[in-house]
Amino acid sequence: MTDHLMANYARLPVAFTRGEGAWLWDSNDKRYLDALSGIAVCGLGHAHPAVRDALCEQAGTLIHTSNLYRIPAQEALGDRLCASAGMDRVFFCNSGAEANEAAIKLARLHAHRNGIDKPEVLVMDNSFHGRTLATLTATGNRKAQAGFEPLVHGFVRIPYDDLAAVETAATNRPNIVAVLVEPIQGEGGVVVPSNGYLAGLQEQCRRHGWLLMLDEIQTGMGRTGALFGHVHEGIAADVMTLAKGLGNGVPIGACMARGAAAEVLGPGTHGSTFGGNPLACRAGCAVLEVLEKEHLPERAGVLGSRMLDAFHHALDGIAGVLQVRGRGLMIGIELDRPCAELVARALDQGLLINVTAERVVRLLPPLIIDDQQADCIVDAVSRLIRSFLAPRHQDAG
Ligand SMILES: *Cc1c(COP(=O)(O)O)cnc(C)c1O
């Protein structure tokens, strides 16, 4: 291993050299079943032919021009995304953090234009919004923030899934202009809020004149069984951010807006050199096309229910398993103790999983997995968890 990369990642000692669908192969040609998708990125799996063809063709034609000019592929993706999301306009960038930065800037500019000089954005405990200074400040995890002070002003934090706390904030903080929230908290441990939470938030935002800004970076692009996570709640956001699954691995982020929020950013107010370049937008178009043509969000919903049922069957009542939860192919299994070592144990067995929030096994498999692969993931993960929680029992068996 080289010493020349900054040491900000604790990497596992494995390198993948190729992939196909839900399978990856390492440099020793060992095969792995991917139940993580590069953290909810490769929803169509690896080496998807539609993405490959779009990228090859675009790479051989034109990769980058500049936002100084019109970019037809960006316009096409913008049209498509807005039609699918019920949004009016989109700004393209290159990552989730950048998409949220754009949303935060949009909220502030909107406020200033309405005479609010010190606007505040309401954010949640246990949230994750990115690693730039503003998105790190918005993130509800003190560990991620430690050492990076001074943080950015203009955020107010309350507990997640708590509508009463929103009302209290509204009373005490007259300068709140927007709420930034994940429909399901991903990094925070696959935390699914109560039914009606998002609808309640939407109602409060309307009443107080705030923008409802949904961070769908992890929940979007079909992951939860609908194209976007908030669709299950039948609500509409003013601002929505996307990234992860949008390019199936090609870096692209998007900040979408509707109604008055869509008219806030004018020439010179925001920008990105790479954002929305022809290559990334062709990837995005290919992803959306496949998702819709092959009904992958619906498929994720069906598969997710199948996996959740099977996990309940395999793990409910086992001492140490606190909860099995999730929606679609975003699944979390919360244990009563830190379990990061499960990742390496799974890797050993040829399975890629993740542990987040210290005690939550997180699964984010590609949306294209088949029933057998889904069952295989459930079997392997259940066995790993059972032997982790009761090692002696395992030795005897
Ligand atoms: C991953 C993630 C981000 C940050 O995205 P990056 O591309 O890593 O900057 C922001 N919000 C949510 C909900 C995420 O899951």
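To be clear, the structure that these remarks concern was listed above.
Predicted model, so just to flag it, every value in this text is computed and none were measured.

**Description of helix α9 (residues 278-293)**
For an α-helix the count is 3.6 residues per turn, leaving residues at separations of three or four pointing the same way.
Here is step 1 of the chain: Across its 16 residues, α9 extends 22 Å between first and last C-alpha, which sits within 8% of the 22 Å expected from 1.5 Å per residue.
Here is step 2 of the chain: For α9, the complete set of buried residues consists of Pro278, Ala280, Cys281, Ala283, Gly284, Cys285, Ala286, Val287, Leu288, Val290 and Leu291.
Here is step 3 of the chain: Along its buried surface, α9 packs onto α2 (49-59), α3 (72-85) and α10 (296-315).
Here is step 4 of the chain: Taking the backbone nitrogen of leucine 279 as reference, a side-chain oxygen 3.0 Å away marks asparagine 277 as the first, capping residue of α9.
Here is step 5 of the chain: Remark: histidine 295 follows α9 within two positions and exhibits a positive phi of approximately 50 degrees.

**Topic: helix α8 (residues 197-208)**
Here is step 1 of the chain: A rise of 1.5 Å per residue sets the reference length of α8, with its 12 residues, at 16 Å; its end C-alpha atoms lie 16 Å apart and thus fit the reference within 8%.
Here is step 2 of the chain: Turning to α8, its buried residues number three or more, namely Tyr197, Leu198, Gly200, Leu201, Gln202, Gln204 and Cys205.
Here is step 3 of the chain: Positive phi shows up at glycine 209, right after α8, with a value of about 75 degrees.

**Points about the packing of aromatic side chains**
Here is step 1 of the chain: According to the stated counting rule, one finds two aromatic pairs in the structure shown.
Here is step 2 of the chain: Here the aromatic rings of phenylalanine 16 and tyrosine 32 are separated by 5.1 Å at their centres, their planes lie at 85 degrees, and the arrangement is edge-to-face. Remark: tyrosine 32 occurs in strand β3 (residues 31-34) and phenylalanine 16 occurs in strand β1 (residues 16-20); sequence separation between them is 16 residues.
Here is step 3 of the chain: On the basis of relative accessibility, which here comes to 34%, the residue phenylalanine 16 falls in the partly exposed class.
Here is step 4 of the chain: For the pair tyrosine 160 and tyrosine 197, a centre-to-centre distance of 5.4 Å together with 70 degrees between the ring planes defines the contact as edge-to-face.

**Thoughts on the sheet that holds strand β8 (residues 211-215)**
Here is step 1 of the chain: Pairing in this open sheet of seven strands is mixed, and the strands run β4-β10-β9-β8-β7-β5-β6 from one edge to the other. The outermost strands of the open sheet, each flanked by one partner alone, are β4 (89-93) and β6 (155-158). Between one strand axis and the next, the sheet turns through 20 degrees on average, direction left out of account.
Here is step 2 of the chain: Where strand β7 (residues 176-181) meets β8, four bridges bridge the pair, whose relative direction is parallel. Residue pairing for β8: leucine 180 is matched across the bridge by methionine 213.
Here is step 3 of the chain: Each of β4, β5 (120-124), β6, β7, β8, β9 (239-242) and β10 (253-257) touches helix α4 (residues 96-113); the most contacted strand, β8, lies at about 175 degrees to it.
Here is step 4 of the chain: Across the sheet, helix α7 (residues 163-172) touches β5, β6 and β7, and the angle it forms with β6 is around 145 degrees.

**Digging into the state of the cysteines**
Here is step 1 of the chain: All told, the structure shown has zero disulfides when counted by the stated rule.
Here is step 2 of the chain: Free of any disulfide, cysteine 82 has its nearest cysteine sulfur in cysteine 255, 11 Å distant.
Here is step 3 of the chain: Accessibility expressed as a relative area gives 11% for cysteine 82, which makes it buried.

Criteria and cut-off values
Residues numbered from 1 in each chain as written. Predicted model: local features only at pLDDT ≥ 70, side-chain atom pairs only at ≥ 80, totals over all residues. Heavy atoms only, no water. Helix = DSSP H or I, 4+ residues; strand = E, 2+ residues; numbered from the N terminus. Expected span 1.5 Å × (residues − 1). Buried < 20%, exposed > 50% of the residue type's maximum accessible area, 1.4 Å probe, protein only. Contact = heavy atoms within 4.5 Å. Polar contact = N/O pair within 3.5 Å; in protein donor to acceptor, adjacent residues only side chain to side chain. Phe/Tyr/Trp six-rings, centres within 6.5 Å; stacked < 30°, edge-to-face > 60°. Pairing = 2+ DSSP bridges. Axes fitted to C-alpha atoms, helices over the stretch in contact; angles between N-to-C directions. Disulfide = S-S within 2.5 Å.

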